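Here is how the chains run, residue by residue.
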Amino acid sequence: MKKFGTGAGEVAGRTGAHLLVAALEAQGTDMVFGVPGESYLPVLDALHDSGIRFITCRQEGGAAIMAEAQGKLTGRPGICFVTRGPGATNASAGVHIAQQDATPMILFVGQVARDMRHRGAFQEVDYSAVFGSMTKWAVEIDNPARIPELVSRAFRVACQGRPGPVVIALPEDMLADIADAPDAPVAAPVDAFPDPAALADLAGRLARAERPVAILGGSGWTADTAATFTAFAQAHDIPLAVEFRRQMLVDATSEVYAGDLGFGANPALLRHVKGADLILLLGGTMGEVPSQGYELLTIPNPGTPLVHVYPGAEELGRVYQAALSILASPRAFVTAGLSPLSHSVPPARAAWRESARAAYRAWTDDVPANPGPVQMAEVVSALRALPSDSIMCNGAGNYAIWLHRFHRYRAYGTQLAPTSGSMGYGLPAAVGAKLQHPDRTVVALAGDGCFLMHGQEFATAVQHGAAIVAVVIDNGMYGTIRMHQEREFPGRVLGTQLFSPDFAALARAYGGVGFTVEKAGEFQAAFDAAIASGRPALVHVRLDPEAITPTSTLTGIREKALAG
Ligand SMILES: Cc1ncc(C[n+]2csc(CCOP(=O)(O)OP(=O)(O)O)c2C)c(N)n1
Ligand SMILES: [Mg+2]
């Protein structure tokens, strides 16, 4: 590392860029994602001599998503570097996902020189204004001596309470300035722990409940806490549901797992939630999607007694006035809160738990046959057969319905899926995940629309040796929107048709391997070969456009709408 001496080897200071890289190293960062820019050249130079790996990406949205995915997997902020203006606005795709998913993440952005600000200088952006509502904190550092202070604070802000993204703007001249400042210690975020009186209250409620349901969601979990809570639920016959895209919080083979509250949720699960006499909401918020458009619980009085456990006070009582609010992260609640909740189980509960479980099995065991030769059941069965630590990544599109409904997520850290419904997430998330866990199978499931939103990051996978497997479900359209179009304006198709490239050839052109599946019975062999190749691979699945959901066809939806 370049240091600046006043004589006899004495260190008088470091550049802002060196202070920044040292601050990241002090927090344990060993990998960052980004697209380079002239606005932060000194940082690239400082990274040159560091132990931090810079993953060069092709578009800042992809880079930010990779960082967000790492944040989801590790619980520590994923780090992304982008240039000012267009780099920052491209990266906003990942920042918004981190905000909605409560994922710790820090985006560093170049900024115009300090003496040029507020003139509309080249690529100038007011970061607090642009990112203010999308982040927990957006800050510009104009004094290099404050880098250790503000970067360590950013790590805390990103992790503490409700986790989320932080944006730090770095004026380019500041990065070259020299300052004398000691490194800050590693930020050790603190957890909110449950109040013993609240736990005693909850223990009484649980002991009396004949039809409890626990709904798990949010972030701030670990593999241990998720498994421990499931074991508690098993010992006490409490059915577990999860919020939208949080399937990995409960082992789907566990006898307490009752399914997910996503789009198109199992009507029998909704009946169980509505019929519950106690709802324990742990780590989630029952936002628009899990609450089925704010219909499942009434606002502000949820109707059913609700106990809400959440790591940020600002969320407790924001929408629902719970019977009992507990300020605690899922991790802290499970660590400190479960023994006081031990109780003898009312006899009615076993049947209640079994009925919720039976409803889940009936909804998810068998994948219905679909129109056309290639069967989505083949895709699901190949995914189910993967090792239980395999990581499934997806964006938005009807193709994801099969994954969310039928795949058996077995463990925490095996699902990367944006609750914000952001298309294009799966591929870059898979690259971030594979670089984090090179020994695991990482699958990016995408539609023909979804894949090309960040498809260029397949080049990043090849360049950095991330042997992901992309499975592209190609139905020749933005299927979800076409489905809504047929429902609302039957037969008046506009803007939803897609003409796509030969995806397998595209993967090969990038330097990966590609397979095409267009007949029944071909998928498993192609998928196995993709994994066995040990290289970034893509399986292009041609799906009949009529196969719009597991249980409906496009024509059926149109005819129903026309019939009025
Ligand atoms: C970034 C972004 N843009 C647009 C949308 C709206 N949208 C949701 S699903 C969808 C179509 C997805 O198409 P595809 O990936 O091909 O999946 P399919 O529904 O056809 O299975 C669109 C356009 C979105 N969710 N995210
Ligand atoms: Mg499609």
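Scroll up a little and you will see the structure.
Each chain carries its own residue numbering, running from 1 in the written order of its sequence. Each chain takes a letter, starting from A, and each ligand takes a number, starting from 1, following the order in which they are written. Reporting of local features is limited, given that this is a predicted model, to residues whose pLDDT is at least 70; pairs of side-chain atoms are given and counted only at 80 or more, and all residues count toward the totals for whole chains, interfaces and linings. By convention in this description, side-chain values take in all heavy atoms of the structure and omit both hydrogens and water.

### Focus: the sheet that holds strand S19 (residues 469–474)
Step number 1: Strands sit in the order S17-S16-S18-S19-S21-S20 across an open sheet of six strands; the sheet is parallel. On the outer flanks of this sheet lie strand S17 (415–416) and strand S20 (513–517), each paired with one strand and no other.
Step number 2: Contacts are residue-level and defined by heavy atoms, with any inter-residue pair within 4.5 Å sufficient. As a rule, the C-alpha atoms of each element are fitted with a line to give its axis, helices using only the stretch in contact, and angles between N-to-C directions run from 0 to 180 degrees. Going along the chain from the N terminus, every DSSP run of H or I of four or more residues is numbered as a helix, and every run of E of two or more is numbered as a strand. In the packing of helix H15 (residues 426–436) onto the sheet, the strands contacted are strand S16 (391–394), S17 and strand S18 (442–447), and the crossing angle to S18 comes to about 175 degrees. Paired strands, in this sense, are two strands between which DSSP finds at least two bridges.

### Topic: the site of ligand 1
Step number 1: The rule for a residue being near a molecule or strand is that one of its heavy atoms must lie within 4 Å of it. Surveying the vicinity of ligand 1 reveals 17 residues, the closest of which are Asn-398, Gly-421, Asp-448, Cys-450 and Gly-479.
Step number 2: Contacts described as polar in this section are N or O atom pairs within 3.5 Å, which, within protein, must combine one atom able to donate a hydrogen with one able to accept it, while residues neighboring in sequence count only if both atoms come from side chains. With respect to ligand 1, the backbone of Gly-421 contributes an N or O atom lying 2.8 Å from a nitrogen atom.
Step number 3: Each accessible area is a Shrake-Rupley estimate made with a 1.4 Å probe; only the visible protein chains count as cover when residues are assessed. Starting from 580 Å² of accessible surface for ligand 1 in isolation, the protein chains cover 76%.
Step number 4: Listed by contribution, the elements that provide at least two residues to the shell around ligand 1 are helix H16 (448–453) and helix H18 (479–488).

### Points about helix H9 (residues 223–235)
Step number 1: A helix is expected to reach a length of 1.5 Å times the quantity of its residues less one. The end-to-end C-alpha distance of H9 is 19 Å, a good match for the 18 Å that 13 residues give at a rise of 1.5 Å each.
Step number 2: Every buried residue belonging to H9 is among Thr-225, Ala-226, Phe-229, Thr-230, Phe-232 and Ala-233, and all of these are buried. With its buried residues spanning 155 degrees around the axis, H9 presents them on a single face. Opposite the buried face of H9, by more than 90 degrees, sit the exposed residues Asp-224 and Ala-235.
Step number 3: Structurally, H9 contributes buried residues whose contacts are with helix H8 (196–208), strand S10 (212–216), strand S11 (240–243), strand S13 (278–282) and helix H11 (330–337).
Step number 4: Looking one or two residues past H9, Asp-237 carries a phi angle of roughly 50 degrees, positive in sign. Summary of the burial criterion: residues with accessible area below 20% of their type's maximum are buried, those above 50% are exposed, and those between are partly exposed, where the area comes from a 1.4 Å probe applied to protein chains only. What the arc covers is the set of directions going from the helix axis to the C-beta atoms.

### Notes on the pattern of salt bridges
Step number 1: Every case where a carboxyl oxygen of Asp or Glu lies within 4 Å of a side-chain nitrogen of Lys or Arg is listed as a salt bridge. Tallying each qualifying case throughout the model produces 24 salt bridges.
Step number 2: The salt bridge partner of Arg-408 is Asp-365, with a shortest N-O separation of 2.5 Å. Separated by 43 residues along the polypeptide, Arg-408 in the loop between helix H14 (399–406) and S17 and Asp-365 in the loop between helix H12 (349–364) and helix H13 (376–384) bring together distant segments of the chain.
Step number 3: According to the relative accessible area criterion, Arg-408 is buried, its value standing at 16%.
Step number 4: Given a relative accessible area of 23%, Asp-365 falls into the partly exposed group.
Step number 5: Through salt bridges that share partners, Glu-68, Lys-72, Asp-101 and Arg-246 make up one connected network.

### Describing the layout of surface pockets
Step number 1: In this analysis, the protein atoms alone were mapped onto a 1 Å grid. Cavities are point sets where a 1.4 Å probe fits without being able to get out; pockets are open sets with protein on both sides within 12 Å along at least five of seven lines; lining residues have an atom within 4 Å of a point. Grid points are joined across faces, edges and corners, and a volume is the space filled by probe spheres set on the points. As a volume, the second largest pocket reaches approximately 410 Å³.
Step number 2: In terms of lining residues, the second largest pocket is bounded by 30 residues, among which Gly-75, Pro-163, Gly-220, Trp-221 and Arg-331 are the most central.
Step number 3: The dominant element in the lining of the second largest pocket, judged by the number of residues it contributes, is helix H3 (residues 60–74), at four residues.
Step number 4: Grouping the amino acids of the lining of the second largest pocket by side-chain chemistry returns 13 nonpolar, eleven polar and six charged. Classification convention: Asp, Glu, Lys, Arg as charged; Ala, Val, Leu, Ile, Met, Phe, Trp, Tyr, Cys, Pro as nonpolar; all other residues, Gly among them, as polar.

### A few points about the side chain of Gln-111
Step number 1: Structurally, the position occupied by Gln-111 is in strand S6 (residues 105–111).
Step number 2: For Gln-111, a relative accessible area of 1% puts it in the buried group.
Step number 3: Contact partners of Gln-111, with chain neighbours within four places excluded, come to Ser-39, Arg-84, Glu-124, Val-125, Tyr-127, Glu-140, Ala-169, Leu-170, Pro-171 and Glu-172.

### Some details on the coordination of the magnesium ion (ligand 2)
Ideal geometry at a metal gives 109.5 degrees between four tetrahedral donors and either 90 or 180 degrees between six octahedral ones.
Step number 1: Counted as donors are the N, O and S atoms within 2.8 Å of the metal, or 3.2 Å for Na, K and Ca, while water is not among the atoms, so some sites may look incomplete. Only Asp-448 (OD), Asn-475 (OD1) and Met-477 (O) from the protein coordinate the magnesium ion (ligand 2), and they sit 2.0 to 2.2 Å from it.
Step number 2: The sequence motif formed by the donor residues of the magnesium ion (ligand 2) is D-x26-N-x1-M. You can see Asp-448 sitting in helix H16 and its partner Met-477 sitting in the loop between S19 and H18, a full 29 residues away along the chain.
Step number 3: Residue Asp-448 is classed as buried on the basis of its relative accessible area of 3%.

### Focus: unusual backbone geometry
Step number 1: Ile-299 connects to Pro-300 through a cis peptide bond whose omega is 0 degrees.
Step number 2: If you trace the backbone, Pro-300 turns up in the loop between S13 and strand S14 (306–310).
Step number 3: Its identity is not glycine, yet Arg-245 carries a phi of approximately 60 degrees, on the positive side.
Step number 4: Note that Arg-245 resides in the loop between S11 and strand S12 (257–261).
Step number 5: With relative accessibility at 5%, the residue Arg-245 sits in the buried group.
Step number 6: Although it is not a glycine, Met-286 sits at a positive phi angle of roughly 50 degrees.
Step number 7: Note on placement: Met-286 falls in the loop between S13 and S14.
Step number 8: You can call Met-286 buried: its relative accessible area is 1%.

### Structural notes on empty space enclosed by the protein
Step number 1: Scanning the model with the defined rule gives four cavities of 30 Å³ or more in all.
Step number 2: Approximately 50 Å³ is the volume found for the largest cavity.
Step number 3: Around the largest cavity, the lining residues are Ala-258, Gly-259, Asp-260, Asn-266, Leu-269, Tyr-360, Trp-363, Thr-364, His-404 and Arg-405.
Step number 4: Elements represented by at least two residues in the lining of the largest cavity include exactly S12, H12 and H14.
Step number 5: The class makeup of the residues in the lining of the largest cavity is four nonpolar, four polar and two charged.
Step number 6: Computed from the structure, the second largest cavity encloses a volume of approximately 40 Å³.

### Thoughts on the environment of Glu-518
Step number 1: Structurally, Glu-518 is set in the loop between S20 and helix H20 (523–532).
Step number 2: The class of Glu-518 is partly exposed, set by a relative accessible area of 43%.
Step number 3: Between the C-alpha atoms of Glu-518 and Tyr-412, which are 106 residues apart in sequence, the distance is 33 Å.
Step number 4: Here Glu-518 is in contact with Pro-373, Val-374 and Arg-542, once residues within four sequence places are set aside.
Step number 5: Here Arg-542 takes part through its side chain, which lies 3.3 Å from a polar atom of the side chain of Glu-518.

### Some thoughts on the packing of helix H1 (residues 16–26) against helix H6 (residues 147–159)
Any two packed helices are characterised by the angle at which their axes cross and by the distance between the axes.
Step number 1: It is the contact of H1 with H6, at a shortest axis distance of 9 Å, that shows an interaxial angle of 35 degrees. You can see that H1 and H6 cross each other, and the crossing is right-handed. In contact with Gly-16, Leu-19, Leu-20, Ala-23 and Leu-24 of H1, H6 contributes Ile-147, Pro-148, Val-151 and Phe-155.
Step number 2: When the residues that make up the contact of H1 with H6 are grouped by side-chain class, the tally is eight nonpolar, one polar and no charged. By convention the crossing between two helices is left-handed if the near helix lies anticlockwise of the far one by an angle smaller than a right angle, and right-handed if it lies clockwise.

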